Structure formats: C-alpha cells, structure tokens
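# Structural description and commentary
As a plain string of letters, each chain reads:
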Amino acid sequence: MNASDDTEVSARLDAVRARIAAAEARFGREPGSVALLAVSKVQPAELIRAVHQHGQLAFGESYVQEACDKQALLADLALDWHFIGRIQSNKTKLIAEHFSWVHGLGDAHHAQRLGAQRVALGLAPLRCCLQVNLSGEASKAGVEPEALPLLLEQCSAIDGLRIEGLMTLPAPSDDFESQRQPFAELRALRDQLATPEQPLATLSMGMSDDLEAAVAEGATMVRIGTAVFGPRSKY
Ligand SMILES: *Cc1c(COP(=O)(O)O)cnc(C)c1O
C-alpha cells in the first residue's frame, strides 16, 4: 500500500460515512443509529489496516480461510470480525473461534454446531443474525419467511449464541422503491417476532448500491464493501 491508496481509502470512507449520515437525516433516523460494517473480503490486509487507521473497527469477511490468514497479519489491532459468507458445516469451528458475529445463519444444524463450539472454546456468545430469503433472492441462502419463527425458536435455545436480529441480501435493483421492498419486509418480520426479552434490534441490510433504501427501512448495520475499499478483483 502506498500514500495514494491511503488517501483514496480515507476519501471513500468519508464519503460512505457522509452517505449514512445523510440517509439518517433524510429518513428521520437517529444520528449514529446505523453502524458501518466494512466488507473486506478479497481485500488485502494492508488495506484493512489503512481503513482501521481512519477509525473503522468492524470488518466483514466471506471466506473463512482468507479471513483467518488476514486476522493473523492484523493480530496487533483490536478489530471486530463479522462472518457474512455462506456457512459450511466443516468450517463452523473456525467461524466460532475467529469471529464475534455471524450474519448469515439460516440453518438450525449450523446453529447447533456454532453454539456448541463457542461454548467449548469458552468464548462469549456468538452474536448472530438470522438470514431471511426475501423477494426471490438469487442465492438460496437464508430461510423462507414462513420458516423463520421456528428457526428463531430453535436458535434462541442454543447456549453459545445470542440472536441479535435479522439479515437479508436481496437481488440487486436500480430502482429505489424496489430496493426498499425487501428491506421493509425484513423490518416487518422483525416487528412481528420481537419480544421484550429478545428485541431483535439488529437489522443487517444494505450494501454499496442500496444503503439509502436500507436506512429508510430501519437498517441498523449496513454491510459496505466496494464503496469503502474500491472494486474487488476476482478472487
Ligand atoms: C460482498 C458483500 C457485501 C458488500 O457488497 P458491496 O456491494 O461491495 O458493498 C455485503 N454483504 C454481503 C453478504 C456480501 O457478501
């Protein structure tokens, strides 16, 4: 990384923070109520270090081994690592060990494994969002809305996990109103399922191209890759 990379990272991060603040103001959200998760998949450790130097602590990764390699290179920093990729059964132990959050939980079997491994490691509960498949999502990840209440009940009973809220990853759309639709659905599901004991306060939704629509519908955490780091090279 050189000085011009650092200037670019700094400028992009400022721009993303400004977009979030503008969306909070425009849609009547509390200032600071939308957290930025910087999605660093496929980006080199040195760029993550640069983003951290500009005050960002939470990073999202999609590939377990790649994330573990970069965590080793950045072990001198106190970063908060979120796993946002597809969960595979043979990777749950590494996920339980190396991340404080998991955003894409959609399977009770994975939840059991993650919880048991987290307990065995003696770590604080893994903070989880249940992934919901809305509006004809292209990927098959996540549960159908009809299956969500049962999954929530099952996951809530697992030691070693704390269910913080819901996540969705809709098919891309250029149209603002279409972008809002799945985010509104996720929020409505949350409102139906929330209880005083389990408020499901986190709505993990919105990416580089649809963060404003997500903030409009109540996102509390936006997962932003390209707009923070620049384009990803093919992995
Ligand atoms: C890659 C990714 C993102 C970030 O996407 P950008 O469009 O680059 O902001 C967000 N969420 C998930 C689950 C991802 O895989």
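Residues numbered from 1 in each chain as written. Predicted model: local features only at pLDDT ≥ 70, side-chain atom pairs only at ≥ 80, totals over all residues. Heavy atoms only, no water.

The cut-off we apply is this: UniProt positions are given in the numbering used here, feature names are shortened, and annotations may be inferred rather than shown by experiment.
Per an unreviewed UniProt entry, the recorded name for the protein chain is Pyridoxal phosphate homeostasis protein, and the organism is Lamprobacter modestohalophilus. If you open the UniProt record of the protein chain and go to Function (unreviewed entry), you find "Pyridoxal 5'-phosphate (PLP)-binding protein, which is involved in PLP homeostasis."

### Thoughts on the overall build of the protein chain
For clarity, the threshold we go by: Secondary structure follows DSSP: runs of H or I at least 4 residues long count as helices, runs of E at least 2 residues long count as strands, and numbering of each begins at the N terminus. Here the globule rule reads 2.2 Å times residues to the power 0.38, and the radius of gyration is calculated from C-alpha atoms. Throughout, exposure labels follow a simple rule: accessible area from a 1.4 Å probe, protein chains only, divided by the maximum for the residue type, with under 20% read as buried, over 50% as exposed, and the rest as partly exposed. By definition, residues are in contact when any of their heavy atoms lie within 4.5 Å.
If you tally the helices and strands in the protein chain, you get 9 helices and 8 strands. In summary, the protein chain has a C-alpha radius of gyration of 17 Å against a globular reference of 18 Å for 235 residues, a match within 12%. Counting all 235 residues of the protein chain, 50% fall into the buried class. Of the contacts formed within the protein chain by residues at least 6 apart in sequence, a portion of 60% connects residues at least 24 apart.

### Let's talk about the state of the cysteines
Linking two cysteines covalently through their sulfur atoms gives a disulfide. Condition: Disulfide assignment relies on a single distance test, namely cysteine sulfur atoms paired within 2.5 Å.
Evaluated as defined, the whole model comprises 0 disulfides. C128 forms no disulfide, and the closest cysteine sulfur to it belongs to C155, at a distance of 7.3 Å. In this structure C128 comes out as buried when scored by relative accessible area, which is 0%.

### Observations regarding helix α6 (residues 148-156)
Operational definition: Note that the arc is computed from the directions linking the helix axis to the C-beta atoms.
Of the positions making up α6, those classed as buried are L148, L151, L152 and C155. Burial along α6 is one-sided: seen end-on, the buried residues are contained in an arc of 100 degrees. Lining the buried residues of α6 we find β4 (101-105), α5 (108-121), β5 (126-131), β6 (161-167) and α7 (176-193).

### Brief notes about the nonpolar core
Here is the rule we go by: Only buried residues count toward a nonpolar core, which is a set of Ala, Val, Leu, Ile, Met, Phe, Trp, Tyr and Cys residues joined through side-chain atoms within 4.5 Å.
Ranked by internal contacts, the top residues of the largest apolar core, which has 61 residues, are L105, L130, V222 and V228. Ignoring sequence-local partners within four residues, the contact set of V222 consists of I20, V34, A35, L36, L37, M205, G206, L211 and V215.

### With respect to the site of the ligand
What counts, and what does not: To be near a molecule or strand, a residue needs just one of its heavy atoms within 4 Å of it. N or O atoms within 3.5 Å of each other form a polar contact, as long as, within protein, one can give a hydrogen and the other can take it, and as long as residues adjacent in sequence are counted only when both atoms are side-chain atoms. For this scheme, ten residues count as nonpolar: Ala, Val, Leu, Ile, Met, Phe, Trp, Tyr, Cys and Pro. Four count as charged, namely Asp, Glu, Lys and Arg, and the remainder, Gly too, count as polar.
The local shell around the ligand holds 13 residues, among which K41, S208, G225, T226 and R232 are the closest. Here T226 contributes a side-chain N or O atom positioned 2.5 Å from an oxygen atom of the ligand. For the shell around the ligand, the per-class residue count stands at 6 nonpolar, 4 polar and 3 charged.

### Describing helix α2 (residues 45-53)
Of all the residues in α2, the buried ones are A45, L47, I48, R49, A50 and V51. Looking at the buried positions of α2, the neighbouring elements they touch are α1 (3-26), β2 (58-61), α3 (64-73), β3 (80-83) and α9 (226-229). Where α2 terminates, the next one or two residues include G55, which has phi positive at roughly 95 degrees.

### Focus on the environment of Q112
As for its position among the elements, Q112 is in helix α5. Between the alpha carbons of Q112 and T92 there is a distance of 9.7 Å; along the sequence they are 20 residues apart.

### Side note on the pattern of salt bridges
Let me state the cut-off plainly: Should a side-chain nitrogen of Lys or Arg be within 4 Å of a carboxyl oxygen of Asp or Glu, the pair is scored as a salt bridge.
Inspection of every chain in the model, using the stated rule, returns 11 salt bridges. E46 is the salt-bridge partner of R49, the closest N and O atoms lying 3.8 Å from each other. Highlighted residues: R49 and E46, both in helix α2, separated by 3 residues, approximately one helical turn. Looking at E46, the relative accessible area reads 39%, which means it is partly exposed. Across the pair E66 and K70 runs a salt bridge whose closest N-O atoms are separated by 2.6 Å. Remark: K70 and E66 occur in helix α3; sequence separation between them is 4 residues, near one turn of the helix. Note on accessibility: E66 and K70 belong to one class, buried.

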